[in-house]
Amino acid sequence: MASPTSTVFIYKGTNRKGKKVEGEISSTSQALVKAQLVKQGIRPRVVRKKPVSLFSSSGKPVKPLDIAFFTRQLATMMKAGVPLVQSFDIVADGSDKPKMKTLILDIRTDVAAGTSFADALRKHPQYFDKLFCNLVESGEQSGALEALLDRLAIYKEKAENLKAKIKKALTYPIAIVVISMVVTGILLIKVVPQFESTFSGLGAELPAFTLFVLHLSELVQAYWLIMLASIIGFVFTFKHLHKRSLKLRKATDKFLLKIPLIGNILYNSILARYARTLATTFSAGVPLIDALDSVAGSTGNIIYEEGVLQIRDEVSTGIQLNTSMRSSNLFPSMMIQMTAIGEESGALDDMLEKSATYHEDLVDNTVDNLSTLIEPLIMSILGVLVGGLLIAMYLPIFMLGSAI
């Protein structure tokens, strides 16, 4: 049975000292709000649903970066000695995103009612994944929730920074393709036809390059709508098949890793995610086999996901982690050596942390280099396209001038 949806209520009342207080609280009913306020020593006078403004930002979704920020704030509050329930109130008051505020207050209500923090998080699987909830549960059971939240905050922040850098790296090539297609399309549809009417009055034989551009312009003018629909249809179909076909996902992920520069960024980001996730889970006291199970889904690549699951199966039979990593042929020698040192010294989480930082730095450097290279590349491609079309259009005029 689905749990009732929580609503934000506004309340006004007086506390035990007779001082007027007011605020907001999330609950499933007005009666529960009043009962909760009385339990806190507040005598409620007014309790009503918070009105929703038509022009508010309530439609903005909760993003992973919001969850990372929430985790960091919570870790900071608990480090300062603020009780967990009170920490929720402080963090919720500081949130300017209504949906995020409602989410925090929902969790706060569950925790205040006696539900464990991990179970309260599990009620919101769209925001808190299995790994996050399991680590929080481990922290609660070991009495080290404060330290676990701090590690989780670092993990989430690093993960989101890495995602942002990968998106930045992938945006550049896509931007080049889109800009080139738009500029070329405008020139072929709007500019080239103007020259075509001029050439028709010359009565002279046109160069082959010019004829090619004119025919291409006619083709684009006649079928541009079909071309656009085909591109959109291809993208939609590919995304649909990519979700359903394991074979296509494998082929796509393998191809992406072979793309110059982009493949290097993706490769190092996978290694960084693997090392960072494994270090975080292992340091939290999660058994290595269970940790590898969580790590597999965090790699973001089906080739490595299957590889990590294979490593998990081998480790469960007693084989060392570094030996399994070596036999998979998916990891660089340096990471394997650091894993071996970590296993021998009993400092596996520290060695994995160092590996994660190293590969994150490699991603940073490669993205920065790509940013430096991409601007002249865009100018070169646009120059070739625009310059080529202009040469094709002016070539007959130049030839006519030389003939005169």
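Provided above is the structure to which this section pertains.
Numbering of residues starts from 1 in every chain and runs along the sequence as written. The predicted nature of this model means local features are confined to residues of pLDDT at least 70 and side-chain atom pairs, given and counted, to a pLDDT of 80 or more, with totals for whole chains, interfaces and linings taken over all residues. Excluding hydrogens and water, the side-chain figures rest on all heavy atoms present in the structure.

(A) Broad picture of the overall build of the protein. Counting its secondary structure elements, the protein contains 15 helices and 3 strands. Scaling as 2.2 N^0.38, a compact globule of 404 residues should have a C-alpha radius of gyration of about 22 Å, whereas the protein reaches 30 Å, well beyond that. In terms of its C-alpha atoms, the protein occupies a principal-axis envelope of roughly 100 × 60 × 40 Å. Buried means the residue's accessible area, taken with a 1.4 Å probe over protein chains only, is under 20% of the maximum for its type, while exposed means over 50%, and partly exposed covers the values in between. The buried share among the 404 residues of the protein stands at 38%. Residues are treated as being in contact if the distance between any of their heavy atoms lies within 4.5 Å. For the protein, contacts bridging at least 24 residues in sequence account for 60% of all contacts bridging at least 6. Secondary structure elements are defined from DSSP: runs of H or I of at least 4 residues count as helices, runs of E of at least 2 residues count as strands, and each element is numbered from the N terminus. The globule rule used here is 2.2 Å times the number of residues to the 0.38 power, and the radius of gyration it is set against is calculated over C-alpha atoms.

(B) A look at helix H6 (residues 130-142). If you check H6, its first and last C-alpha atoms are 18 Å apart, about what 13 residues at 1.5 Å a residue would give, namely 18 Å. All of the buried residues in H6 are Leu131, Phe132, Cys133, Leu135, Val136, Ser138 and Gly139. Here the expected span of a helix is defined as 1.5 Å times the quantity of residues minus one.

(C) Structural detail: the side chain of Ser298. Within the element layout of this structure, Ser298 appears in helix H11 (residues 288-298). By relative accessible area, which is 16% here, Ser298 ends up buried. Within 3.5 Å is the distance limit for a polar contact, defined as a pair of N or O atoms, with the added protein rule that one can donate a hydrogen and the other accept it, and that residues adjacent in sequence qualify only through two side-chain atoms. A distance of 3.3 Å separates polar atoms of two side chains, one belonging to Ser298 and the other to Thr277. Discounting residues that sit within four places of it in the chain, Ser298 has contacts with Tyr155, Arg273 and Thr277.

(D) Structural detail: the sheet that holds strand S3 (residues 43-49). On the basis of which strands lie adjacent, the open sheet formed by 3 strands has the order S2-S1-S3 and antiparallel pairing. Of all strands in the sheet, those with a lone pairing partner are strand S2 (20-27) and S3, marking the two edges. Averaged over all neighbouring strand pairs, the angle between strand axes comes to 25°, with direction disregarded. The pairing of strand S1 (residues 7-14) with S3 spans 6 bridges and is antiparallel. Counterpart to Ile10 in the pairing with S3 is Arg48. The sheet contacts of helix H1 (residues 30-39) involve S1, S2 and S3, and relative to S3 the element is tilted by about 150°. Along the sheet, helix H4 (residues 98-112) contacts S1 and S2; its crossing angle with S2, the most-contacted strand, is approximately 90°. Should DSSP find at least two bridges between two strands, the strands are regarded as paired. The axes are straight lines fitted to the C-alpha atoms, using for helices just the contacting stretch, and the angles between their N-to-C directions are given from 0 to 180°.

(E) How the structure looks around the nonpolar core. If you look at the biggest cluster of nonpolar residues, it comprises 57 residues, and the most contacted ones within it are Phe117, Tyr274, Leu321 and Phe331. Leave out the neighbours within four places in its chain, and Leu321 touches Tyr274, Leu278, Leu288, Leu292, Ile311, Val315, Thr339, Glu343 and Leu348. Only buried Ala, Val, Leu, Ile, Met, Phe, Trp, Tyr and Cys residues count toward a nonpolar core, and they belong to the same one when joined by side-chain atoms within 4.5 Å. Formed by 11 residues, the second largest nonpolar core is a distinct cluster that contains Leu188, Leu214, Val220 and Leu389.

(F) Representation of the pattern of salt bridges in the model. Salt bridges are defined as contacts in which a side-chain nitrogen from Lys or Arg sits within 4 Å of a carboxyl oxygen from Asp or Glu. With the rule as written, the count across this model stands at 16 salt bridges. Between Asp150 and Lys79 there is a salt bridge, with its nearest N and O atoms 3.6 Å apart. Of this pair, Asp150 sits in helix H7 (residues 145-200) while Lys79 is found in helix H2 (residues 64-79), placing the two residues 71 residues apart along the sequence. Between Asp364 and Lys165 there is a salt bridge whose closest N-O contact spans 3.2 Å. Of this pair, Asp364 sits in helix H15 (residues 348-403) while Lys165 sits in helix H7, placing them 199 residues apart in sequence. Overall, the relative accessible area of 28% leaves Lys165 in the partly exposed class. Bridged by salt links that share partners, the residues Arg72, Lys79, Asp150 and Glu157 form one connected network.

(G) Broad picture of the packing of H2 against helix H3 (residues 84-93). Interaxial distance between H2 and H3 falls to 10 Å at its minimum, and their mutual angle equals 130°. With respect to their mutual orientation, H2 and H3 come out oblique. Here H2 and H3 pass one another in a crossing that is right-handed. The residues of H3 that touch H2, namely those facing Phe70, Gln73, Leu74, Met77 and Met78, are Leu84, Ser87, Phe88, Ile90 and Val91. Residues were grouped as follows: Ala, Val, Leu, Ile, Met, Phe, Trp, Tyr, Cys and Pro as nonpolar; Asp, Glu, Lys and Arg as charged; and all remaining residues, including Gly, as polar. Its residues placed into classes, the contact of H2 with H3 shows 8 nonpolar, 2 polar and no charged. When an angle is under 35 degrees it counts as roughly parallel; over 145 it counts as roughly antiparallel; between 65 and 115 it counts as roughly perpendicular; any other value is oblique. For a crossing to be left-handed, the near helix must be turned anticlockwise from the far one by less than a right angle; the clockwise case is right-handed.

Coordinates in, geometry out; function isn't part of it.
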